[in-house]
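The lines below spell out each chain.
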Amino acid sequence: MSWLTLSVLNLFAQSGTISGRVYNAINNEPLPFANVGIEGTAYGATTDIEGNYTIANVPPGLYNVAASYLGYEPKKEYEVKVSGNKTTEIDFALTESSQKLEEVVVTTKTFEKPVEAPVSLRSIGVNEIERNPGGNRDISRVIQTLPGVTPTVSFRNDLIIRGGAPNENRFYLDDIEIPTINHFSTQGASGGPVGMINVNFIREVDFYSGAFPANRGNALSSVMDFKLKTGDKQSHNFQATVGASDFGVMFDGPISPKATYMVSYRRSYLQFLFKQIGLPFLPIYNDLQFKIKYEPTQKDHITILGIGAIDNFELNLDANQTREQQYILNYLPVNEQWNYTRGIKYTRFHKNSYTNVVFSRSKLNNTSTKYMNNDASTESNKILDYLSQEVEHKLRIENYMRYNDWKINYGAGAENQLYTNSTYNKIATSAGLFERSFNSKLSFNKYALFGNISRKFVNERLALSFGMRMDAADYNKQMLNLLKQFSPRFSASYAISSQFAVNFNTGRYFQLPPNTVMGYRNNENELVNQNRLGYIQCDHLVGGIEWNTKSNSRITLEGFYKKYSNYPFLLSDSVALANLGSDFGVIGNEPAKSLSKGRSYGVEFLFQQKLYKGFYGILSCTVLWSQFQDKYGQYIASAWDSRNIISMTAGKKIGKNWELGARWWWVTGAPYTPYDIEYSTRPEVWNITRRGLPDYSKLNSQRVSNYNQLDVRLDKKFFFDKFNLNLYFDVQNVFASKLASRPNLDVDTDAQGNPILAANGHYQYSLLTNNIGNTLPTLGIILQI
């Protein structure tokens, strides 16, 4: 054998190590002599007096690792990655069992089910996010594989949960709230084209589509709790990633024996690709994320984190050869946006409880400009000049305690919101033509009290939980009364057997209207919406059954009903704000009143297979109806009424570190509002808008086509002694399926590019086919050192 061959073989890792700590989840006390083992193997260890363990000589790969301790609920971590170039650290926080010691049988649960949320909660691990076909390592795309979540076809990441609007979701990183998780986010909503959270930071995501925790407020459709990793305590590491739309680097390691760090930076290269293929817009984004964890004592933990993005949306004026390109260039504004969140969490552990003190600051800066014919040489060509900032300061103090068999959580929160808006806009609506010009500055405070108590009864077969929350804001007198926003919630679960259970939850939830609505002023600089707005209310009712198999899988069937009231109704367009938010820009910057009502209801089926003998997969099916009242008070389909949704994701580890996965999904076409062609083609209207205006008298009366898509992904992992390499080939929309979306209304022009007048004095027009969907292959590289 040659020297070169020997050298190459010596690069390959022979074994790896798993280490960590097993401790009491309430007081952080170590659990000595706990058992930790790798599922399906003989590898295992017992913790020492400090609760630490080490499992050595583990072949590289993915494993399920479980921990158990007498008198505590066992716990399992799925798909733990073992590499030869570093020690994999996995800590287990175990919760005391309410059963008597002699009754305890150590059976690790595949799917954890909190007493507070026995329904509508799904947990997603980091490997499920990374390998998701077509997901581009983006959590918003991965969430769309779950029941109740409508997949998006176009260049958007909107989270549409159980028929709710994209502005009804809330996000937390290690208990610190962040306003958005997407680049180029729609102000007043939450969607955008690309996620801004680096998946390399994520350990697990808890996704609530109902049964929201009492300490998570201001949400109507979903809450996403991101549990982040901690930096390596033993060595410094580097990771470089090249994906479908960006490249990034990440560093992590120890700062001192008691502190660790993680930091990452990403930048897009989509602008180069878009320019090469002749698209008329060039998105450029950057993001930075960091986390520092400091543990000065066993009883005191401090987490500091930050996340920020800089997004620029430029026009590619050279891409104007086709009619479709010219149409987009004529109406699309230039947009610049940046945002950040910085936060700190202090945790103090006590004998039977722990306290969290969380403080954060978030800021969004959003600008948008548009000139007629994209000619900025004269001020008279200006159509839109928008500058807005939102600044949030949040403080939350909460206590978690265990009293005998009772679990108790209570606390309070306070926030200060500062909103500024400088707007000049030439407007064309069904109410007429006018100029909107104002400068607004709005500052108000928010307050909250919350608590939850839960316990298991009847040998832990019956689990009951009751929670409450009260919110208030000094924006107006109506919002200032805590009792008007009293938000009770109740959960129950009964285990008919060790594998079969019946679950239930009901609750009332409140959310403030977007700042764009609350801070709107008219041309006389009057805060006209102030005395017309209240908290949006949504009542949830959810019931279901679940069956947990012995092969790391479960089947659930849930029905839900959501009843909305006090949703802002936009007075200029006579439409509920709940129907808007799926486009770029700003929504809600106009007169409004809290009077809209809505409802959504449906049934969800889920089969979820965690890693078992190399297989994994998710099958979800949803049938739902989403309806809001029109201006006549009649319930009609909302913009989010995707009646039928089917999603199937499956994968197999096929030996020698190869992995193949695929996802197929099908969705009923969503409703849309046709154009008011007669009004839109008036010269004085078209010269301002350069696009069709919706005819809200026919609100959501038509639908886009049904759509299905197949995505596939192939991974190959290489484990070396000094580094790891992951190569993947991902193809989105393998069969190039097309969604026949709402056609684009455009006016006809002569050879000189001037609009052609018809006999009625309006511009002559055409409806341009608007088919969405292209095949997107990606060769990705992930290097870990």
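The structure displayed is predicted, hence computed values, not measured ones. (Residues numbered from 1 in each chain as written. Predicted model: local features only at pLDDT ≥ 70, side-chain atom pairs only at ≥ 80, totals over all residues. Heavy atoms only, no water.)

## With respect to the sheet that holds strand β11 (residues 176-178)
For clarity, the threshold we go by: Two strands are counted as paired when DSSP detects at least two bridges linking them. Counting from the N terminus, the helices are DSSP H or I runs at least four residues long and the strands are E runs at least two residues long. Structural elements are reduced to axes, namely lines fitted to C-alpha atoms, with helices fitted over the stretch in contact, and the angle between N-to-C directions of any two is expressed from 0 to 180 degrees.
Ordered in space as β9-β14-β15-β10-β11, the 5 strands form an open sheet in which the pairing is mixed. This sheet does not close on itself; its edge strands, each paired only once, are β9 (121-125) and β11. Pairwise comparison of adjacent strand axes, ignoring direction, gives a mean angle of 25 degrees for this sheet. As paired strands, strand β10 (residues 169-173) and strand β15 (residues 222-228) are joined by 5 bridges and run parallel to one another. From the neighbouring strand, Tyr 172 faces β15, where its bridge partner is Asp 225.

## Considerations on the pairing of strand β14 (residues 202-208)
Rules: Exposure is judged per residue with a 1.4 Å probe applied to protein chains only, and the accessible area is read against the type maximum: over 50% gives exposed, under 20% gives buried, and values in between give partly exposed.
Within β14, 5 of the 7 residues are buried, which leaves it mostly tucked inside the rest of the structure. Two strands pair when backbone bridges link them, and β9 and β14 are joined in this way by 5 bridges, in the antiparallel orientation. When the sheet's bridge partners are listed, Leu 121 is paired in β14 with Tyr 208. When β14 meets β15, the two strands line up antiparallel, connected through 6 bridges. Its bridge partner lying in β15, Val 205 is registered against Phe 226.

## Some words on the environment of Asp 750
Filter applied, for reference: Whenever two N or O atoms come within 3.5 Å, that pair is a polar contact, provided that in protein one can donate a hydrogen and the other can accept it, and provided that, for residues adjacent in sequence, both atoms are side-chain atoms.
Tracing the backbone through its elements, the reader meets Asp 750 in the loop between β42 (744-747) and β43 (765-768). Residue classification places Asp 750 among the partly exposed positions, given a relative accessible area of 31%. Within the local environment of Asp 750, its side chain forms a polar contact with the backbone nitrogen of Gln 752, the two atoms lying 2.9 Å apart.

## Structural notes on the confidence of the model for the protein
Put simply, the rule is: Scored from 0 to 100, pLDDT records how confident the predictor is in each individual residue. Residues are treated as being in contact if the distance between any of their heavy atoms lies within 4.5 Å.
Averaged over the protein, the pLDDT score is 90; the fraction of residues at 70 or greater is 95%. Every residue in residues 1-13 is under pLDDT 50, and counting partners more than four places away or in other chains gives 13 contacts. Every residue in residues 101-106 is under pLDDT 50, and counting partners more than four places away or in other chains gives 6 contacts.

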